[in-house]
Amino acid sequence: QVHLVESGGGLVQPGGSLRLSCAASGSIFSRKAMGWYRQAPGKERELVAGATTFGYRHYSDSVKGRFTISRDNAENTVLLQMNSLKPEDTAVYYCNTWPPESGYWGQGTQVTVSS
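Model, not experiment: these values are computed from the prediction.

Reading the values: the criteria
Residues numbered from 1 in each chain as written. Predicted model: local features only at pLDDT ≥ 70, side-chain atom pairs only at ≥ 80, totals over all residues. Heavy atoms only, no water. Pairing = 2+ DSSP bridges. Helix = DSSP H or I, 4+ residues; strand = E, 2+ residues; numbered from the N terminus. Axes fitted to C-alpha atoms, helices over the stretch in contact; angles between N-to-C directions. Salt bridge = Lys/Arg side-chain N within 4 Å of Asp/Glu carboxyl O. Buried < 20%, exposed > 50% of the residue type's maximum accessible area, 1.4 Å probe, protein only. Core = buried A, V, L, I, M, F, W, Y, C linked by side-chain atoms within 4.5 Å.

S.K.: Would you explain the sheet that holds strand β7 (residues 67-72) in this entry?
M.R.: In a beta sheet, neighbouring strands are held together by backbone hydrogen bonds and run either parallel or antiparallel to one another. A sheet is described by the order of its strands in space; here 4 strands give the open sequence β1-β3-β8-β7, paired in antiparallel fashion. Two strands close off the open sheet at either side, each with one partner strand: β1 (3-7) and β7. Neighbour to neighbour, the strand axes of the sheet diverge by 15° on average, direction disregarded. Pairing of β7 with strand β8 (residues 77-82) involves 6 bridges; the strand directions are antiparallel. Considered in β8, the bridge of Arg 71 is made with Val 78.

The structure is reproduced here in structure tokens:
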């Protein structure tokens, strides 16, 4: 049984920062690439950042240079450090494997960037 729990979202002003955390239970974490995804109102869910087990990192063009994904293998945690946030970053953020498994989606965490 795999369980992913996201946390760390909130309301932040443009230019601010947030750090999201994803706690992964089950046996997937140590052998799977993990990713952060987001879904804005009226839009499809999209990949924001991905991290493989061997250190490769991928970022969407819209967040490159502002967001950093990291993984703590000892704690089975995936982090997303988000800096220089923009209103267009407003969305519900989810973690999942990369590519995602349909049965692993959690509740997500809301990020709202607004003044």
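S.K.: Would you take a moment to explain the pattern of salt bridges for this structure?
M.R.: As enumerated under the stated definition, the model contains 4 salt bridges in all. Here Arg 38 and Glu 46 are joined by a salt bridge, their closest N and O atoms 2.8 Å apart. For Glu 46, a relative accessible area of 35% translates into the label partly exposed. Between Asp 61 and Lys 64 there is a salt bridge; the shortest N-O distance is 3.2 Å. Here the two residues Asp 61 and Lys 64 agree in accessibility, since each one is exposed.

S.K.: Just checking my understanding: could you explain the sheet that holds strand β9 (residues 91-97) for this structure?
M.R.: Pairing is mixed across the open sheet formed by 6 strands, whose spatial order is β2-β10-β9-β4-β5-β6. Only two strands of the sheet have a single partner each, and these edge strands are β2 (10-12) and β6 (57-59). Each adjacent strand pair in this sheet contributes to an overall mean axis angle of 25°, direction not counted. Where strand β4 (residues 34-39) lies against strand β5 (residues 46-51), 5 bridges are found, and the strand directions are antiparallel. When the sheet's bridge partners are listed, Gly 35 is paired in β5 with Gly 50.

S.K.: Could you clarify how one ought to interpret the nonpolar core in this entry?
M.R.: Across soluble globular proteins, nonpolar side chains have a tendency to be buried as a group. In terms of nonpolar packing, the biggest core is built from 28 residues, with Leu 4, Trp 36, Phe 67, Ile 69, Leu 80, Met 82 and Tyr 93 touching the most fellow members. Put simply, the parts of the chain that give this core at least two residues each are β3 (18-25), β4, β5, β7, β8, β9 and β10 (109-113). At 4 residues, β3 tops the list of elements feeding residues into this core.

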